[in-house]
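# Structural characterization, general
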Amino acid sequence: MNVNFSATVVSAVMLLFYQSVSAEPAKTSIEEKGNIYQFANQCYLINVSESDSYLSKEDNGYGFSENKNSAVKFYMRPAALGVYLLFNQNKQYLIADGEHLNFVSNLESEMTLNIPEKNYLITLAEWELQADENTNGFHLKNIKENTWLAKEGLNKNVSFAVSINFKSTSGCARFPESELGAVGAVTKTQHDNGMLWGFADAHEHSGANHGFGGKIFHGASFHKLGIEHALADCEKHHGENGSKDLMSVTYKSGSGNVAPDSFGADLYNHLIKGEPDHLTDGYPKLSEWNVHEAPTHQSLYYKWIERAYLGGMRVMVEYMESTEVVCEAYKTLLPGDSESKSCNEMEHVDHQLIKVRELQDYVDAQYGGPGKGWFRIVYSPEEAREVVRAGKLAVILGIEIENPFNCFVDEREGFKTCDDALVRERLNSYYDKGVRALFPSHKFLNAFSSGDGNAGILELGDYLNTGQWRDYVSCEEVPGKYWMKAHGEGEQTSIFSKLAGIPGIKTLNELLSDSKDPAKQALPVYPEAASHCQRTGFTPLGMSLIEEMMSLGMIIDLGHTPKASLNDIIPVLVDNNYPAVHTHGGDQTAVNLIDGLASRGLGSACRDEEGGSGLLASFNSINEQVDPETGLPRKGLSYDFNGFASYNRPRFGELSRCVQEQEDPLTYPFTSFAGDIVFEKLQTGEQVFDFNQFGLANIGLYPDLIEEARRGGASEESMNSLFKTAEAYIRIWERAERRGTQQQNFSDR
């Protein structure tokens, strides 16, 4: 029998079983006294406590009536903890209309209006539920108008607030939301030997829409008013037909190239001529809302994260991200179009830290109250273990920016110059805010280290960030044996030829040579070499930062650390028996030396004539890098969604780039590797994300990617190794904390 056919039949049988036993969330006919969270995502009638009077539609408007047949059915959709949208059977929202009640079909928000998104727009449809201390009932307060539901309309005096109860019913309209395409419940939490079960995604950016000034990435991981606002039409940010989406033009994730040779002409054609880049429609169509066609669109919507979690993701590292240079460039090229007046990266980090906690609260609200959701921010490895053993997702917070803690390579007006004491103070401050992982360097030179940025457009960015050009030399001139070949360390070509396509500009050299500033006329000249590396590594202040991170037991991410810096830090880590991670791949030998974890995306799913693929090779390589003592993998998974990375394209359809004709498409339904969840195709609104046609279009396709690898021949050992990476990551964190405690004890002597 065909193996794929058998798997599909088994999954279909399980799907029918789960559908028969797992209906809507359990409903309560008698409310738990004082529990304002229990009504989430269920259908109710609202009646006056201890009476037969229901909130109804009458000829003279809306009010309480004993005519139950005219009672309005409400789907209680949480907008936040203890706050609800009341959605009626006609798909309308209950709102405050002066002293009266009314209904509207559509709500406006900062996502649909041309106003900044930094703060929510409060609407008339948001109702706070409060327990009535004198009865078993509740009071309903309109947040915007500060009025209370009364027996007759609304009243600003709380003494007139009517005590209400909720009576379970059926027939409510469905609130707009993405399907999960998954049925079942998480049951597997550990391996037979007691290790945590699940895989770690060590590098994601759900809050990217709040970085870079707020206009580059469009779409939110959640919105209090729902998916219609979280994944709204992107014309507000990206212009008609996406013509203002300059980052998409500069970097198309499918190409894997930053600033391809044609980018100068492409930039001109979009910026000046308005050439289309992508369709802008959001939910429900989402015509081109995928990482291949529109890499600047949210790919970590919370329901998509939930699907990945159901497919086995048990640890996710959430990095706050931003780049001041990109923000400033955007404000220059598109004046008046930036969400934020400030491009300061640390301000963006602070805002994202707020938003990721709001995301946790939002998920909690959907699942019945504080602590009830599957998305749990953790602050210690012990807490992470507890969360994973409870069958939930442990989320670790980190920072990935150009100038951590506002420590610039040059003096900046309005900012203190960083020294050891200031770095210690600011690092401890963000540790107190929950940050546990940090990139000491990124693309550009900062006060701590050189970056790993490529030539091309990033070369110019480094100049704008620091006032100096890259100091590239032949990698043979950089001493040391450790080299996790960084993004920008290979044969480099200067940016000047890249802009040749812009009419009137032959080279950037001609443009800058007209400048009266001598520094700008000193253009870089790179030596001929097979590979170029940054000349300098960590500064003394950078090594001080590393020592402080070690003392706190923090997770050091070497993902953007150039060769010279690696040769500074690896001996220190080895001498201190301190682990680190590298979430952009890297030289596995160096990772093994520090007992760390290297992670990255997996290879192409395109199969060759013999059935092999980059995806299959990547999966099997996980099992090839296993610690012989612990049995834990030293290689894992991190896709860097919302981070301008490369993602698996499909094997079929218009988005495929497979050279050879492909056979044996992934069939649905299928059962998760754990055997506890059955997956159908992911559907969000009208868009069906079939892996065969979309590949890894967003994080919600992780289960499909894993199943594609299984069907393609990934070994059972490799699959088991992948599902030990949650344990592997947490053990690295535990070792880091132990070494940090030991260092503190030593320094206290």
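Scope of this entry: the structure provided in the associated data block. Keep in mind that this is a model prediction, so the values were computed, not measured. Along each chain, numbering runs from 1 in the same order as the chain's sequence is written. Local features in this predicted model are restricted to residues whose pLDDT is 70 or higher, and side-chain atom pairs enter the listing and the counts only when it is 80 or higher, whereas totals over whole chains, interfaces and linings include all residues. Side-chain measures here rest on the full set of heavy atoms in the structure, leaving out hydrogens and waters.

## Here's the deal with the overall build of the chain
Here is the rule we go by: Working definition: helices are DSSP H or I runs of at least four residues, strands are E runs of at least two. Numbering for both runs from the N terminus. Only protein chains enter the calculation, and the probe is 1.4 Å; a residue is then buried if its accessible area is under 20% of its type maximum, exposed if over 50%, and partly exposed in between. Any pair of residues with heavy atoms lying within 4.5 Å of one another is described as a contacting pair. Surface accessibility in these figures is a Shrake-Rupley result with a 1.4 Å probe; residues are shielded only by whichever protein chains are displayed.
Check the secondary structure of the chain and you find 21 helices and 28 strands. Taking all 749 residues of the chain together, 61% fall into the buried category. Taking the intrachain contacts of the chain between residues at least 6 apart in sequence as the baseline, contacts between residues at least 24 apart amount to 71%. Counting every atom, the chain has about 29,900 Å² of accessible surface; 48% of that belongs to carbon and sulfur.

## What about the packing of helix 10 (residues 420–432) against helix 14 (residues 540–552)?
Our working definition: Here an axis means a line fitted to C-alpha atoms, over the contact stretch when the element is a helix, while the angle between two N-to-C directions is reported on a 0 to 180 degree scale. Working rule for handedness: look at the near helix, and if it is turned counterclockwise from the far one by less than a right angle, call the crossing left-handed; if clockwise, right-handed.
One way to put it is that helix 10 packs onto helix 14 with a least axis distance of 10 Å and a crossing angle of 35°. Helix-helix and strand crossings are classified by hand; for helix 10 and helix 14 the assignment is right-handed. Facing Asp420, Val423, Arg424, Leu427, Asn428 and Tyr431 of helix 10, the residues of helix 14 in contact are Leu541, Ser544, Leu545, Glu548, Met549 and Leu552.

## Some words on helix 19 (residues 702–711)
Most of helix 19 is tucked away: nine of the 10 residues are buried. Along helix 19, the residues that are buried comprise Tyr702, Pro703, Asp704, Leu705, Ile706, Glu707, Glu708, Ala709 and Arg711. Among the residues trailing helix 19, glycine 713 stands out with phi positive, at a value near 115°.

## Notes on the pairing of strand 18 (residues 435–438)
Heads up, the rule is: One bridge is not enough; two strands pair if DSSP finds at least two bridges between them. Handedness of a crossover is defined as follows: orient the strands so they point away from the viewer, and if the path from the first strand over the helix to the second runs clockwise, the crossover is right-handed.
Alignment of strand 17 (residues 393–401) against strand 18, held across three bridges, turns out to be parallel. Residue pairing across strands places leucine 397 opposite valine 435, the latter belonging to strand 18. At this point the chain moves from strand 17, through helix 10, to the parallel strand 18, and the crossover so formed is right-handed. In this structure, strand 18 lies alongside strand 21 (residues 555–556), joined through two bridges in parallel fashion. Within strand 21, the residue paired with leucine 438 across the bridge is isoleucine 556.

## Some thoughts on the state of the cysteines
Counted only if it meets this: The term disulfide is used for any two cysteine sulfur atoms that are within 2.5 Å.
Counted according to the given criterion, the structure contains five disulfides. Through a disulfide, cysteine 407 is tied to cysteine 418; the S-S separation comes to 2.1 Å. Here cysteine 407 and cysteine 418 share a disulfide; its torsion about the S-S bond, -90°, makes the bridge left-handed. Linking cysteine 407 in the loop between strand 17 and helix 10 with cysteine 418 in the loop between strand 17 and helix 10, this pair joins segments that are 11 residues apart in sequence. In this structure, cysteine 407 and cysteine 418 share a single accessibility class: buried. In the chain, the cysteines engaged in disulfides, taken in order along the sequence, are linked 1-2, 3-4, 5-6, 7-8, 9-10.

## Section: the side chain of asparagine 290
To keep it simple, the criterion reads: We define a polar contact as two N or O atoms separated by no more than 3.5 Å, with the added condition that, inside protein, one atom must be a possible hydrogen donor and the other a possible acceptor, whereas residues neighbouring each other in sequence contribute only through side-chain atom pairs.
As for its position among the elements, asparagine 290 is in the loop between helix 5 (263–271) and helix 6 (302–310). Residue classification places asparagine 290 among the buried residues on the basis of a relative accessible area of 2%. Of the polar contacts made by the side chain of asparagine 290, one reaches the backbone nitrogen of histidine 292; its length is 3.0 Å. Here asparagine 290 is in contact with Pro295, Leu655, Phe694 and Ala697, once residues within four sequence places are set aside.

## Overview of the packing of helix 17 (residues 614–624) against helix 19
Just so we agree on the cut-off: Orientation categories follow fixed angle ranges, with anything under 35 degrees roughly parallel, anything over 145 roughly antiparallel, 65 to 115 roughly perpendicular, and all other angles oblique. Gly counts as polar in this scheme, as do all residues outside two lists: the nonpolar Ala, Val, Leu, Ile, Met, Phe, Trp, Tyr, Cys and Pro, and the charged Asp, Glu, Lys and Arg.
Where helix 17 meets helix 19, the closest approach of the two axes is 9 Å, and the angle between their N-to-C directions is 90°. Taken together, the axis directions place helix 17 and helix 19 in an arrangement best described as roughly perpendicular. Touching Leu615, Leu616 and Phe619 of helix 17 are Leu705, Ile706, Glu708 and Ala709, all from helix 19. Tallied by class, residues from the contact of helix 17 with helix 19 come to six nonpolar, no polar and one charged.

## Brief notes about the nonpolar core
Keep this limit in mind: In these notes, a set of buried Ala, Val, Leu, Ile, Met, Phe, Trp, Tyr and Cys residues joined through side-chain atoms within 4.5 Å is what counts as a nonpolar core.
By size, the foremost hydrophobic cluster in this structure holds 106 residues, and its most contacted members are Phe375, Ile556, Ile699 and Tyr702. Residues contacting isoleucine 699, with those up to four places away along its chain left out, are Asp201, Glu204, Ser299, Leu300, Trp304, Ile305, Ala308, Met313, Met316 and Phe641.

## Description of the sheet that holds strand 13 (residues 182–184)
If you walk across this open sheet you meet the three strands as 13-26-25, and the pairing is antiparallel. Among the strands making up the open sheet, the edge pair consists of strand 13 and strand 25 (670–671). Relative to strand 26 (residues 677–679), strand 25 is paired through two bridges, and the arrangement is antiparallel. Its bridge partner being in strand 26, phenylalanine 670 is matched across the sheet by phenylalanine 679.

## Comments concerning unusual backbone geometry
Note the cis peptide between tyrosine 283 and proline 284, where omega equals 10°. Relative to the elements of secondary structure, proline 284 occurs in the loop between helix 5 and helix 6. In this structure, the amide linkage connecting tyrosine 668 to the following residue, proline 669, adopts the cis form with an omega of -5°. Considering the arrangement of structural elements, one finds proline 669 in the loop between strand 24 (635–637) and strand 25.

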